[in-house]
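Each chain, letter by letter, is given below.
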Amino acid sequence: MARDVQITFDCADPAGLSAFWAEALGYRMQDPPEGFESWEQALEAMGVPPENRNDASAVLDPDGAGPRLFFQRVPEGKQAKNRVHLDVRAAPGLEGDARMKALEAAAERLVSHGATRLRRHEPAPPLDGGHIVMADPEGNEFCLD
């Protein structure tokens, strides 16, 4: 039986990190509950104090195919290398120089949105087509693959 999957990020700034990942993946911010024009309006009506209104955020695949990403504020910062990371397929079907050029363009775009480029791995056929290791604005590693 297939299961729905949600990926949860512990972070310091849920709104900021969710905006980054929406940009990185072509996702959209989750809509506020029915009857509300904005999350601010909904949280006000729910009685959530202003200091807690950035405790959580979520983004969705606009096509409904990918998992929901949920961002929750935690008090502690990132401590070590991720044991699990996302691979963002930025060059599907491409090989060699064309693949690496597409990955470089994706890396440049994400750096302009707060990502950090960590390292580039050159193609090593037949098993590795090359990839770029990145970190999101809070230091979570991911690969452009």
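Everything here concerns the structure above.
These remarks concern the structure in this document. The structure displayed is predicted, hence computed values, not measured ones. (Residues numbered from 1 in each chain as written. Predicted model: local features only at pLDDT ≥ 70, side-chain atom pairs only at ≥ 80, totals over all residues. Heavy atoms only, no water.)

## Description of the overall build of the protein chain
Scanning the protein chain for helices and strands turns up three helices and eight strands. Ordered by position from N to C terminus, the α and β elements of the protein chain give β-α-β-α-β-β-β-α-β-β-β. With the C-alpha coordinates aligned to their principal axes, the bounding extent of the protein chain is approximately 55 × 35 × 35 Å. Across the 145 residues of the protein chain, 31% fall into the buried class. (Helix = DSSP H or I, 4+ residues; strand = E, 2+ residues; numbered from the N terminus. Buried < 20%, exposed > 50% of the residue type's maximum accessible area, 1.4 Å probe, protein only.)

## Digging into the nonpolar core
Ranked by internal contacts, the top residues of the largest apolar core, which has 23 residues, are Trp21, Phe71, Leu110, Met134, Phe142 and Leu144. Setting aside chain neighbours within four positions, we find Phe142 in contact with Phe20, Trp21, His85, Leu86, Val88, Leu110, Ala115, Ile132, Val133, Met134, Ala135 and Asp136. (Core = buried A, V, L, I, M, F, W, Y, C linked by side-chain atoms within 4.5 Å. Contact = heavy atoms within 4.5 Å.)

## Some points on helix H1 (residues 14-25)
Taking 1.5 Å as the rise per residue, H1 with twelve residues should run 16 Å; its terminal C-alpha atoms sit 16 Å apart, in good agreement. Considered for burial, the residues of H1 that qualify are Pro14, Leu17, Ser18, Phe20, Trp21, Ala22 and Ala24. (Expected span 1.5 Å × (residues − 1).)

## A closer look at the pattern of salt bridges
Where charged atoms from two side chains of opposite charge approach closely, those side chains can pair. By the definition in use, this model includes ten salt bridges. Here Arg53 makes a salt bridge to Glu40, at a shortest N to O gap of 2.5 Å. Of the two residues, Arg53 sits in the loop between helix H2 (39-45) and strand E3 (56-60) while Glu40 sits in helix H2, which places them 13 residues apart along the sequence. Judged by its relative accessible area of 16%, Arg53 is buried. Taking the relative accessible area as the measure of exposure, Glu40 reaches 47% and is therefore partly exposed. Close ionic contact of Arg120 with Glu122 constitutes a salt bridge, the shortest N to O distance being 2.5 Å. For Arg120, a relative accessible area of 32% corresponds to the partly exposed category. Under the relative-accessibility criterion, Glu122 is labelled partly exposed at 46%. A single network of salt bridges, built from pairs that share partners, joins Glu104, Arg117, Arg120 and Glu122. (Salt bridge = Lys/Arg side-chain N within 4 Å of Asp/Glu carboxyl O.)

## Remarks on the sheet that holds E3
Within the open sheet, the four strands sit side by side as E1-E4-E3-E2. Their pairing is mixed. Both outer strands of the open sheet, strand E1 (6-11) and strand E2 (28-29), are each paired with one neighbouring strand and no more. Where E3 and strand E4 (residues 68-73) come together, four bridges link them in antiparallel fashion. Bridge pairing in E4 links Ala58 to Phe70. Across the sheet, H1 lies against E1, E2, E3 and E4, angled at about 160° from E4, the strand it touches most. (Pairing = 2+ DSSP bridges. Axes fitted to C-alpha atoms, helices over the stretch in contact; angles between N-to-C directions.)

## Description of the side chain of Ser57
Structurally, the position occupied by Ser57 is in strand E3. In this structure the side chain of Ser57 is engaged in a polar contact, spanning 2.8 Å, whose partner is the side chain of Ser18. Residues within four places of Ser57 in sequence aside, it is in contact with Pro14, Ala15, Ser18, Met29, Leu69, Phe70 and Phe71. (Polar contact = N/O pair within 3.5 Å; in protein donor to acceptor, adjacent residues only side chain to side chain.)

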